[in-house]
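Report on the structure
So the chains spell out like this:
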Amino acid sequence: MDTLQAVLLGIVQGITEFLPVSSSGHLQIAKELLGVELDNNITFDVTLHAATVLSTIVVMHREIARLIAGLFARPLNDAQRYILKILLSMIPAGIVGIALGDRIEALFGSLAFVGAMLLLTAALLAFAYRARPRPKAEITYRDAFLIGLAQAAATLPGLSRSGSTIAAGLLLGDSKESTARFSFLMVIPVILGKMLLDIGSGEMAALTVPTPALVGGFLAAFTVGALACRFMIEVVKRGKLIWFAAYCALAGLVSIATALIR
């Protein structure tokens, strides 16, 4: 992998981590187009994830600082309840990652499967756009767990994490702003946990990607990710998810057609 390829992949990661179009699916497609072998490249994977986590923290630093300040206050307060909801939402993804991680990894090589999951993402976004559930004042513990289930399902390549969690929140009746905020905050500990597992696996010992490529990929993913995070929060507030549904449907059909033609 050269630096240009790493930068392009970092841009793809930065955009698609936050837009509801599946980062894993688009990275797989980008890999096919660029002729880059990313399978089992833990070093590069961790680098891109670190960049997108950092971009989320930068964009949402005020909210994160408020939660951290409230964490050590007494008695039980709204910030602590919110953190408990985030922890509750992590449980499904943690179970799926530990129990089915290897099987899910095997699906990343199937462009047809990625295409099918992109079509499912399109259906979820379209359904959430059309649904009109009774609005709620805040995300409940039950909502947090159900949104966590959506996040766990989105470990499948091609099924968008942000798309699934945002659609789940909107279908449950949570407000657009609270759903977007919760969706982006809840992913931080999940990605950090995945990074720690990858680092602890010992597979990063052999550096297979040149340092300039790693730096280029990191900077691209961080910069574009910060812009995409801000952009997506505004998109959700304005309820314009239908355009992403159309895009995912088109990308899914193209992926399936490409897999069948090869």
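Scroll up a little and you will see the structure.
Residues numbered from 1 in each chain as written. Predicted model: local features only at pLDDT ≥ 70, side-chain atom pairs only at ≥ 80, totals over all residues. Heavy atoms only, no water.

Overview of the side chain of H49
We apply this condition: A run of DSSP states H or I qualifies as a helix once it reaches four residues; a run of E qualifies as a strand once it reaches two. Both are numbered from the N-terminal end. A simple rule labels every residue: compare its accessible area, found with a 1.4 Å probe on the protein chains alone, to the largest value its type can have, and call it buried under 20%, exposed over 50%, or partly exposed in between. Residues are treated as being in contact if the distance between any of their heavy atoms lies within 4.5 Å.
In this structure, H49 sits in helix α3 (residues 42-59). Judged by relative accessible area, which is 19%, H49 ranks as buried. Setting aside its immediate chain neighbours within four residues, H49 contacts Q13, I191 and M195.

Looking at the nonpolar core
Generally speaking, nonpolar side chains in soluble globular proteins are found buried as a group. Short version of the rule: Residues belong to one nonpolar core when they are buried, are Ala, Val, Leu, Ile, Met, Phe, Trp, Tyr or Cys, and are joined through side-chain atoms within 4.5 Å.
Ranked by size, the top nonpolar core spans 50 residues in total, and within it F182, F184, L185, M232, L241 and F244 carry the most contacts. Among the elements that make up this core, the one with the highest residue count is helix α9 (residues 176-200) (9 residues). When near neighbours in sequence (up to four residues on either side) are disregarded, L185 contacts M60, E63, I64, L67, Y82 and I86. With 12 residues, the next largest nonpolar core counts A30, V36, A51 and L214 among its residues.

Overview of a nonpolar patch on the surface
Put simply, the rule reads: Here a patch means residues that are over 30% exposed by relative accessible area and free of salt bridges, tied together within 9 Å if like-charged and within 5 Å if nonpolar (Val, Leu, Ile, Met, Phe, Trp, Tyr). Computed with a 1.4 Å probe, the accessible areas rest on the Shrake-Rupley method; for each residue, only the protein chains presented here act as cover. By definition, a salt bridge exists where a carboxyl oxygen of Asp or Glu is found within 4 Å of a side-chain nitrogen of Lys or Arg.
There is a patch of nonpolar side chains on the surface, built from I91, I95, F145, L146 and L149 and spanning about 400 Å² of accessible area. Contributing elements (two or more residues each) for the nonpolar patch: α5 (78-106) and α7 (141-153). In terms of residues, the nonpolar patch owes the most to one element, α7, which gives 3 residues. You can see F145 is positioned in helix α7.

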